[in-house]
Amino acid sequence: MHATAFQNQPLGRTILGPKENIQSISRDDLTNYIKTNYTADRMVLVGAGGVPHQQLVDLAEKHFANIPQQPASGSQVVAAQKERPDFIGSEVRIRDDTMPTANIAIAVEGVSWNDDDYFTALVAQAIVGNWDRAMGASPYLGSKLSTFIHEHKLANSFMSFSTSYSDTGLWGIYLVTDNITRIDDLVHFTLREWSRLSYGVSQAEVERAKAQLKASILLSLDGTTAVAEDIGRQIITTGRRLSPDEVERVVGQISEKDVMAFARKKLWDRDIAISAVGQIEGLLDYARIRNDMSRNAS
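Residues numbered from 1 in each chain as written. Predicted model: local features only at pLDDT ≥ 70, side-chain atom pairs only at ≥ 80, totals over all residues. Heavy atoms only, no water.

A. Just the layout of surface pockets, in detail. For the second largest pocket, the calculated volume is near 790 Å³. Along the wall of the second largest pocket there are 31 residues; nearest its centre are Y118, F119, R233, Q234 and L242. A per-element tally of the lining of the second largest pocket places helix 10 (residues 224-238) first, with 7 residues. Residue classes in the lining of the second largest pocket are distributed as 13 nonpolar, 11 polar and 7 charged. (1 Å grid on protein atoms, 1.4 Å probe; cavity = no way out; pocket = protein on both sides within 12 Å on 5 of 7 lines; lining within 4 Å. Points joined across faces, edges and corners; volume = space filled by probe spheres on them. Helix = DSSP H or I, 4+ residues; strand = E, 2+ residues; numbered from the N terminus. Nonpolar A, V, L, I, M, F, W, Y, C, P; charged D, E, K, R; others polar.)

Next up, the structure:
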């Protein structure tokens, strides 16, 4: 998905790199990488739990005071990292009829960590929801899409996602189905649900999605290790940490109007990136799928 959505750009490349690079890595490559990237301006030291602040400061000065700031030789790397990636409406397909399923990911350009719509995008994602037919409660999850797909046996599972980076993101869905003769129906009705977010979101489903989102965020902070990771990640990405109370307040203020405004801005009639592998003969052409990104409210 990243390779096609951000093709020929750093964000579109695997973090592992191409095989030939991995095979040729030398000690100098590793030391240069550490000198360039493991610098004080890119690090956060976090304490969680019963940690006396001054003791943490003293330990930081003792053990980390000599870590260098960004090296001059790394300025070109940093400049390249600050270039904003361009989202490209495009697709990549790998047909493999030996696979038992069709695996399809569809995404629009999402939001960055600092975007005002960051939490709204997560609420919209929660409205679309996740679903797996192996779950006993699958028809009763509250997601309109899960109910429809369950009733019509269109898929094995789906997972919506909102992935953010420093200046862009991906918002989309991952679909898995062995009903390969109805792939077009699956994609069509999924994107019809996306279109509905622009004009037909109810207060009840927004409240359900907000409750799920708050629970997933707050319940993940179940120990000092998780809290420390959360603090570090937020400071690295946004420069400050939202406390659990602040997260609850920000999410709680999101209304159905906010969700619909987000959908009209980021989903309605927007270009998409498609990544598909497996038995995908029934996945129709890009233009057909792209046309489903808008429909009349009637």
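Don't stop here, the text continues.
B. How the structure looks around the pattern of salt bridges. One pass over the full model with this rule turns up 18 salt bridges. With a closest N to O distance of 2.8 Å, D230 and R233 form a salt bridge. Here the residue D230 and the residue R233 both occupy positions in helix 10, the gap between them amounting to 3 residues, near one helical turn. Given the relative accessible area of 39%, R233 is considered partly exposed. Taking the shortest distance from any N to any O, the salt bridge between R240 and E246 comes out at 2.9 Å. Salt bridges sharing common partners tie together E229, D230, R233 and R241. (Salt bridge = Lys/Arg side-chain N within 4 Å of Asp/Glu carboxyl O. Buried < 20%, exposed > 50% of the residue type's maximum accessible area, 1.4 Å probe, protein only.)

C. Region of interest: the packing of helix 6 (residues 118-128) against helix 9 (residues 203-219). Contact pair helix 6 / helix 9: the axes reach a minimum separation of 8 Å and the direction vectors enclose 110°. One way to sum up the angle between helix 6 and helix 9 is to call them roughly perpendicular. By crossing handedness, the relation of helix 6 to helix 9 is classed as right-handed. Contacts from F119, L122, V123, A126 and I127 in helix 6 reach E205, V206, R208, A209, K210, Q212, L213 and I217 in helix 9. (Axes fitted to C-alpha atoms, helices over the stretch in contact; angles between N-to-C directions. Parallel < 35°, antiparallel > 145°, perpendicular 65-115°, else oblique. Left-handed = near helix turned anticlockwise from the far one by under 90°. Contact = heavy atoms within 4.5 Å.)

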